Amino acid sequence: MTVHLHWFLPTGGDGRTLVDRHAYAPNTGGANRTVKGVRPPDIEYLAQIAKAAEQLGFEGVLTPTGTWCEDAWLTTVALAQHTERLKFLVAFRPGVISPALAAQMAATYQRVTRGRLLLNVVTGGDSSEQRRFGDHLDHDRRYARTDEFLSVVRQAWAGRPYDFDGEHYQIEDGLTALPPDPVPPLFFGGSSAAAGPVAARHADVYLTWGEPPAQVKEKIDWIRSLAEREGRTVRFGARLHTISRDSSAEAWSTAYRLLDDLDAETIAAAQAALGRSESVGQQRMVALHGGSRDKLEIYPNLWAGVGLVRGGAGTALVGSHAEVAERIEEYHALGVEHFVLSGYPHLEEAYWFGEGVIPELAARGLLEQAPKAAGGSPLLVASGR
């Protein structure tokens, strides 16, 4: 089993800071606090990141979904025109789109991009965010709906007429006339009791945020046992940030510098907002640091500083290129195959990881082949001049 590496497209904005451009302020236009050093997520900048990821050897890029980012479907199909091989892990919420339409969109996407679609199913763990899109179901019912949604999508991709009669969806004589080829893999995450059975029945890749290895192993064992009862096999992935440098000291200095913009008020506001999340995964992220700057290295080279102010993946692999590769190898030994990575800013960190860690992973035999130089051209090495 080799490692599959994916990067991240910051469609909500990027920069040299952990402070969100919205800074947990109300959505009142000019009243929002200005955050310095933010790069807008225009297509030109995102194309730079996508091209860098492709040249450096990443297989795909994750694009998020939600209020504060650009639409993932539209953004990535535009970026597909700027790249040749890069796959796009498109995040979407089942509750805000018809499953029959989603199946058709995926099929069209595969034809337009020549098979470069991966799908990240995001059930949603924040009721206030869901209500912005007209979704008023509670946490557990959202997962029950996701179960039905993915059942419809799978039937639609079979290429035959079908009926579906569920609590949330009723489909009569449904059909995706031209099914996707290949069928896009489904990435799915969720740490709650309601999420596990849905993952076991439908996920191709179960994604977990970057908890310490022992906790990740517990999740893998849990989902694997549930999948076995369904007669299925599920692969596993981890979502992490990275800060890798030529030396460990330089990497940790960069991590600490990211905290310079964070005052106590900013952290408290962020933690209050994150603490209201219904997501069990988010609750587990918050528990790793408890809102405190103290003891943020929760495992060797695993740093919880990102989660002080940002939701979702809250941990980063920090260290020399060899140390980061060693931690990836440790997760891989537990069964983690896909690594969905990111870093601030995303353009520069892609190069730090791609030029530093990827060769280390190749040397450890964790990649199918050593990455090629950008553009496929041989590297010219100066000699004595």
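Report follows, based on the coordinates. Not measured: the values here are computed from a predicted model. (Residues numbered from 1 in each chain as written. Predicted model: local features only at pLDDT ≥ 70, side-chain atom pairs only at ≥ 80, totals over all residues. Heavy atoms only, no water.)

### Quick word on the overall build of the chain
Reasoning step 1: Check the secondary structure of the chain and you find 12 helices and 15 strands.
Reasoning step 2: For the chain, with 385 residues in total, the buried portion stands at 54%.
Reasoning step 3: Across the chain, the fraction of contacts at a sequence separation of at least 24, relative to all contacts at a separation of at least 6, is 74%.
Reasoning step 4: Accessible surface for the chain amounts to roughly 17,000 Å². Of this, 50% is attributable to carbon and sulfur atoms. (Helix = DSSP H or I, 4+ residues; strand = E, 2+ residues; numbered from the N terminus. Buried < 20%, exposed > 50% of the residue type's maximum accessible area, 1.4 Å probe, protein only. Contact = heavy atoms within 4.5 Å. Areas by Shrake-Rupley, 256 points an atom, 1.4 Å probe, with all protein chains shown as cover.)

### Concerning the nonpolar core
Reasoning step 1: Leu-5, Phe-88, Leu-119, Phe-339, Phe-353 and Leu-361 are the most contacted members of the largest nonpolar core, which has 75 residues in total.
Reasoning step 2: At eight residues, the largest contribution of residues to this core is made by helix H1 (residues 43–56).
Reasoning step 3: Within the second largest apolar cluster, 21 residues are counted, among which are Ala-255, Leu-258, Ala-304 and Val-318. (Core = buried A, V, L, I, M, F, W, Y, C linked by side-chain atoms within 4.5 Å.)

### Some words on the packing of H1 against helix H2 (residues 72–79)
Reasoning step 1: Running from N to C, H1 and H2 cross one another at 65 degrees; their axes reach a closest spacing of 10 Å. Judged on the interaxial angle alone, H2 and H1 are roughly perpendicular. When the axes of H1 and H2 are compared, the crossing they make is right-handed. Taken together, the residues of H2 that come into contact with H1 (itself represented by Ile-43, Leu-46 and Ala-47) are Thr-75, Ala-78 and Leu-79.
Reasoning step 2: In the contact of H1 with H2, the residues fall into five nonpolar, one polar and no charged. (Axes fitted to C-alpha atoms, helices over the stretch in contact; angles between N-to-C directions. Parallel < 35°, antiparallel > 145°, perpendicular 65-115°, else oblique. Left-handed = near helix turned anticlockwise from the far one by under 90°. Nonpolar A, V, L, I, M, F, W, Y, C, P; charged D, E, K, R; others polar.)

### Section: the pairing of strand S14 (residues 316–320)
Reasoning step 1: Counting buried positions along S14 gives five out of five residues, so the element sits mostly inside the fold.
Reasoning step 2: Here strand S11 (residues 235–245) runs beside S14; their pairing, made up of five bridges, is parallel. Bridge pairing in S14 places Arg-245 opposite Ser-320.
Reasoning step 3: Inspection of the sheet shows strand S13 (residues 302–303) paired to S14 by two bridges, in the antiparallel sense. If you follow Trp-303 over to S14, its bridge partner there is Ala-316. (Pairing = 2+ DSSP bridges.)

### A look at the side chain of Thr-242
Reasoning step 1: Relative to the helices and strands, Thr-242 is located in strand S11.
Reasoning step 2: Beyond its immediate chain neighbours, meaning those up to four positions away, Thr-242 contacts Trp-7, Ala-316, Leu-317, Leu-341, Ser-342, Gly-343, Glu-349 and Phe-353.

### Re the packing of helix H11 (residues 321–334) against helix H12 (residues 346–363)
Reasoning step 1: It is at 8 Å that the axes of H11 and H12 come closest, and there the two elements cross at 60 degrees. One way to sum up the angle between H11 and H12 is to call them oblique. At the point where H11 passes H12, the crossing takes the right-handed sense. Taking contact as the criterion, the partners of His-321, Ala-322, Val-324, Ala-325 and Ile-328 in H11 are, on H12, Trp-352, Phe-353, Gly-356, Val-357, Glu-360 and Leu-361.
Reasoning step 2: Looking at the contact of H11 with H12, its residues break down into eight nonpolar, two polar and one charged.

### Points about unusual backbone geometry
Reasoning step 1: Pro-182 follows Asp-181 through a cis peptide bond whose omega is 0 degrees.
Reasoning step 2: With respect to the secondary-structure elements, Pro-182 resides in the loop between strand S8 (170–174) and strand S9 (186–189).
Reasoning step 3: Of note, the bond from Tyr-344 into Pro-345 is cis; its omega dihedral lies within 30 degrees of zero at -10 degrees.
Reasoning step 4: With respect to the helices and strands, Pro-345 occurs in the loop between strand S15 (336–342) and H12.
Reasoning step 5: Its identity as a non-glycine residue notwithstanding, Arg-114 has a phi of 60 degrees, on the positive side.
Reasoning step 6: Relative to the assigned elements, Arg-114 resides in the loop between helix H3 (99–113) and strand S6 (117–121).
Reasoning step 7: Overall, Arg-114 belongs to the exposed group, its relative accessible area being 75%.
Reasoning step 8: Positive phi values are uncommon outside glycine, yet Asn-301 reaches one of about 70 degrees.

### Remarks on the environment of Asp-140
Reasoning step 1: If you trace the backbone, Asp-140 turns up in helix H5 (residues 139–156).
Reasoning step 2: We classify Asp-140 as partly exposed; its relative accessible area is 49%.
Reasoning step 3: Taking the C-alpha atoms as reference points, Asp-140 and Glu-278, 138 residues apart in sequence, are found 9.9 Å from one another.

### Quick notes on H11
Reasoning step 1: With 14 residues, H11 ought to run about 20 Å at 1.5 Å a step, and its terminal C-alpha atoms sit 21 Å apart, in line with that.
Reasoning step 2: What H11 keeps buried is the set His-321, Val-324, Ala-325, Arg-327, Ile-328, Tyr-331 and His-332. Buried residues of H11, seen end-on, are gathered within an arc of 160 degrees and therefore sit on one face of the element.
Reasoning step 3: Note on H11: the residue one or two positions beyond its end, Gly-335, has a positive phi of about 120 degrees. (Expected span 1.5 Å × (residues − 1). Arc of directions from axis to C-beta.)

### Looking at the packing of aromatic side chains
Reasoning step 1: Applying the stated criterion to the full structure yields nine aromatic pairs.
Reasoning step 2: Arranged with centres 6.3 Å apart and planes meeting at 75 degrees, the rings of Tyr-206 and Phe-236 form a pair that is edge-to-face. Of this pair, Tyr-206 sits in strand S10 (residues 205–209) while Phe-236 sits in strand S11, and the two are 30 residues apart along the sequence. In this pair, the class of Tyr-206 matches that of Phe-236, namely buried. (Phe/Tyr/Trp six-rings, centres within 6.5 Å; stacked < 30°, edge-to-face > 60°.)

### Brief notes about the pattern of salt bridges
Reasoning step 1: Within the structure shown, the criterion is met by 18 salt bridges.
Reasoning step 2: Close ionic contact of Arg-85 with Glu-84 constitutes a salt bridge, the shortest N to O distance being 3.9 Å. Of the two residues, Arg-85 and Glu-84, neither departs from the other in class, the shared state being exposed.
Reasoning step 3: Beyond isolated ion pairs, a larger network of salt bridges with shared partners links Arg-16, Arg-39 and Glu-348. (Salt bridge = Lys/Arg side-chain N within 4 Å of Asp/Glu carboxyl O.)

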